[in-house]
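If you want the building blocks of each chain, they are given just below.
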Amino acid sequence: MGIDRPASLQDARPTPPRVPRANGDYDLAIVGAGAAGIAAARQVQAARPDLSVILLEASDRVGGRAWSVIPNQLAGAAVDLGCGWLHGARGNEWTRIAGELGLTVDRTPAPWSDGGRRLEFDREAERAARRAIDAFYARADNWDATQPDAPLSDLLEAGNPWNGRIGALGTYINGVELGEASIVDLGRYDPGPGPDWRVREGYGTLVARYAAPAPVALETAVTAIDHRNRDRIEVETGRGRLRARAVIVTVSTSVLAREAIRFDPPLPRKIEAASRLPLGVNNKVFLHVRDADDLPADTRAMGAQDRSATGSYLIRPFGRPIIEGYFGGQLARDLERAGGEAWLAFARDELARTLGSEIRDRLSVAAISAWASAPHIGGGYSYAKPGAADERAALAAPVDARLFFAGEACSTLKFGTAHGAFESGVAAASAAMSGLPPAAR
Ligand SMILES: Cc1cc2nc3c(=O)[nH]c(=O)nc-3n(C[C@H](O)[C@H](O)[C@H](O)COP(=O)(O)OP(=O)(O)OC[C@H]3O[C@@H](n4cnc5c(N)ncnc54)[C@H](O)[C@@H]3O)c2cc1C
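Residues numbered from 1 in each chain as written. Predicted model: local features only at pLDDT ≥ 70, side-chain atom pairs only at ≥ 80, totals over all residues. Heavy atoms only, no water.

(A) Highlighting the overall build of the protein chain. What the protein chain contains, in helices and strands, is 12 helices and 20 strands. Scaling as 2.2 N^0.38, a compact globule of 441 residues should have a C-alpha radius of gyration of about 22 Å, and the protein chain matches this with 22 Å. Projected onto its principal axes, the C-alpha positions of the protein chain cover 70 × 55 × 40 Å. The buried share among the 441 residues of the protein chain stands at 56%. (Helix = DSSP H or I, 4+ residues; strand = E, 2+ residues; numbered from the N terminus. Rg over C-alpha atoms; globule rule 2.2 N^0.38 Å. Buried < 20%, exposed > 50% of the residue type's maximum accessible area, 1.4 Å probe, protein only.)

Here you go:
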């Protein structure tokens, strides 16, 4: 992965059974072992043990954008470089699986929800910001469906003092500035009922543990999918060629759009859909805090109130001596390019303004994500360009009832989430299984 990886980081992943060589014949090949691919594989293993299935993963680990690592400074505790929150937690399948696997679901209210803690120096101002943000999102939800789609920036009120703050939130939610993303798409977003919870051991740990029984060929990048033959799909990988009766593709829209996988016959409609649902950029920086006990636990501080190029900082998540900074859009892209020292300098300046300048010397980098340059992912999560909200369904549509597509970008309502990816993987697996009568062996 293209990640700035301090020597102190260790992966919190368990190792799934490795398949030494990816060749031969399978009923089902699944491309990509992120949340969607893993969910699809486990669904097939549970429902149709008669089918042979293989997960083909380009990188050297499972999980994709679900990735927990253990910085040395945290004495064995994991942090999530990718997904961290169980959004829509009560109906979220990962919450149920966390319970089944004996992991700890933490129900501390998220800082943006009722009962969540925010560092508010000016409470009336914070309430005014909340009202402006709520009104903005209500305008997106109530967008007149008879009007053509437009960029989210069209929903800003001229002169509203909270436009910068709304813009910052937009970069966290979409990974791009408001002018780039669709009103209709965001209006459809619905991660499901319930609060947002976390997994103490890490969301990435949860996804990787769930993958454990699934057969995975790691470091096996799929380069071509030949679906000309009606009986067998030929899958070309960096480590050999295999055949499958059906294939589920779960790679990110960035990977699809740059045609890292060549389809034969070509699938221009898929490439177009993926290109109109690009990945924004979202990144996290974890700063270790020396002598952190004076800081409030699980409390959010905004880096700035009046501009969109700012970080959102979660102080002492789970009470740990760490500050988790969240960045989106152009700022996240620029800081990723600039590297670790630039992150630290930027976050130090923002935190010194909020927490006092003496915090500066107590901060050091524990972990940083770099999702835009992660070679097999290429960004944070998908957003729809204005006019492209329906491309999610186009991307998810199967080809000839044996080539299926899944992944967060395929979810019309829960895009950008790990449980949306899960559900899309299960849906693709169910569709694939219905076209696979028991194999003659
Ligand atoms: C910073 C950040 C914070 C986030 N926070 C949250 C959150 O709090 N809650 C939430 O629900 N979601 C969150 N998300 C989003 C969530 O992580 C993703 O939506 C979800 O993990 C995507 O899963 P996926 O299976 O669709 O794709 P991926 O995780 O991208 O999986 C695709 C897999 O395919 C592999 N691959 C790519 N190309 C090939 C190839 N050619 N051959 C074989 N394999 C290939 C990749 O290596 C990858 O493992 C966050 C994401 C980021 C980046």
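Now that the structure is up, let's keep going.
(B) Seen up close, the domain arrangement of the protein chain. Split into domains, the protein chain comes out as domain 1 (15–64 + 203–278 + 382–434) and domain 2 (117–188). Taken together, the 12 residues of domain 1 in the interface contact 11 residues of domain 2. In this assembly, domain 1 packs against domain 2 so that about 920 Å² is buried in total across both faces, 56% of it on carbon and sulfur atoms. Where domain 1 meets domain 2, there are 2 salt bridges. Taken together, the links from domain 1 to domain 2 amount to 4 residue pairs in polar contact (both at pLDDT 80 or more). The residue makeup of the side of domain 1 that touches domain 2, split by class, is 7 nonpolar, 2 polar and 3 charged. (Domains from an automatic or database assignment. Contact = heavy atoms within 4.5 Å. Buried area = accessible area lost by both parts, 1.4 Å probe. Salt bridge = Lys/Arg side-chain N within 4 Å of Asp/Glu carboxyl O. Polar contact = N/O pair within 3.5 Å; in protein donor to acceptor, adjacent residues only side chain to side chain. Nonpolar A, V, L, I, M, F, W, Y, C, P; charged D, E, K, R; others polar.)

(C) Representation of the nonpolar core within the structure. With 45 residues, the main nonpolar core has Trp 94, Leu 206 and Ile 248 as its most contacted residues. Taken together, the elements giving at least two residues each to this core come down to strand 2 (24–31), helix 1 (35–47), strand 3 (53–56), helix 2 (93–100), strand 9 (197–199), helix 6 (203–211), strand 13 (240–249) and helix 12 (418–434). By residue number, the principal contributor to this core is helix 12, which donates 8 residues. In this structure Trp 94 touches Ala 35, Leu 86, Tyr 203, Leu 206, Val 207, Tyr 210, Ala 418, His 419 and Phe 422, once residues within four positions along its chain are discounted. Ranked by size, the runner-up nonpolar core spans 31 residues in total, among them Leu 56, Val 247, Leu 267 and Ala 409. (Core = buried A, V, L, I, M, F, W, Y, C linked by side-chain atoms within 4.5 Å.)

(D) Molecular detail of helix 1. Relative to the 18 Å expected for 13 residues at 1.5 Å per residue, helix 1 spans 18 Å between its end C-alpha atoms, a close match to the ideal helical length. All of the buried residues in helix 1 are Ala 35, Ala 36, Gly 37, Ile 38, Ala 39, Ala 40, Ala 41 and Val 44. (Expected span 1.5 Å × (residues − 1).)

(E) Highlighting the sheet that holds strand 7 (residues 105–106). Strand order across the open sheet formed by 3 strands is 6-9-7, with antiparallel pairing between neighbours. Edge positions in the sheet fall to strand 6 (85–86) and strand 7, since each has one partner strand and no second. Here strand 7 runs beside strand 9; their pairing, made up of 2 bridges, is antiparallel. What sits directly across from Val 105, in strand 9, is Val 199. (Pairing = 2+ DSSP bridges.)

(F) Highlighting the pairing of strand 12 (residues 233–237). Of all 5 residues making up strand 12, 4 are buried, and the element is well covered by its neighbours. By the bridge criterion, 4 bridges tie strand 11 (residues 222–226) to strand 12 in an arrangement that is antiparallel. Bridge assignment links Val 222 to a residue of strand 12, and that residue is Thr 237. The hairpin turn running from strand 11 into strand 12, its antiparallel successor, is 6 residues long. Taken together, the 5 bridges between strand 12 and strand 13 define a ladder with antiparallel strand orientation.

(G) Molecular detail of the pairing of strand 16 (residues 299–302). With burial as the criterion, each face of strand 16 is covered, one bearing Thr 299 and Ala 301 and the other bearing Arg 300 and Met 302. Judged from the 2 bridges that link them, strand 8 (residues 117–118) and strand 16 form a sheet pairing that is parallel. Of the residues in strand 16, the one forming a bridge with Arg 117 is Thr 299. As paired elements, strand 16 and strand 17 (residues 312–315) share 4 bridges and run antiparallel to each other. Looking at strand 17, one finds that Thr 299 is bridged to Ile 315.

(H) The site of the ligand, seen in detail. In the vicinity of the ligand there are 38 residues, among which Glu 57, Arg 65, Trp 85, Glu 408 and Ala 418 approach most closely. For the ligand, an oxygen atom lies 2.8 Å from a polar atom in the backbone of Arg 65. At 2.9 Å from an oxygen atom of the ligand is found a main-chain nitrogen or oxygen belonging to Trp 85. Protein burial of the ligand: of its 1000 Å² of free accessible surface, 98% is covered by the chains. (Near = heavy atom within 4 Å. Areas by Shrake-Rupley, 256 points an atom, 1.4 Å probe, with all protein chains shown as cover.)

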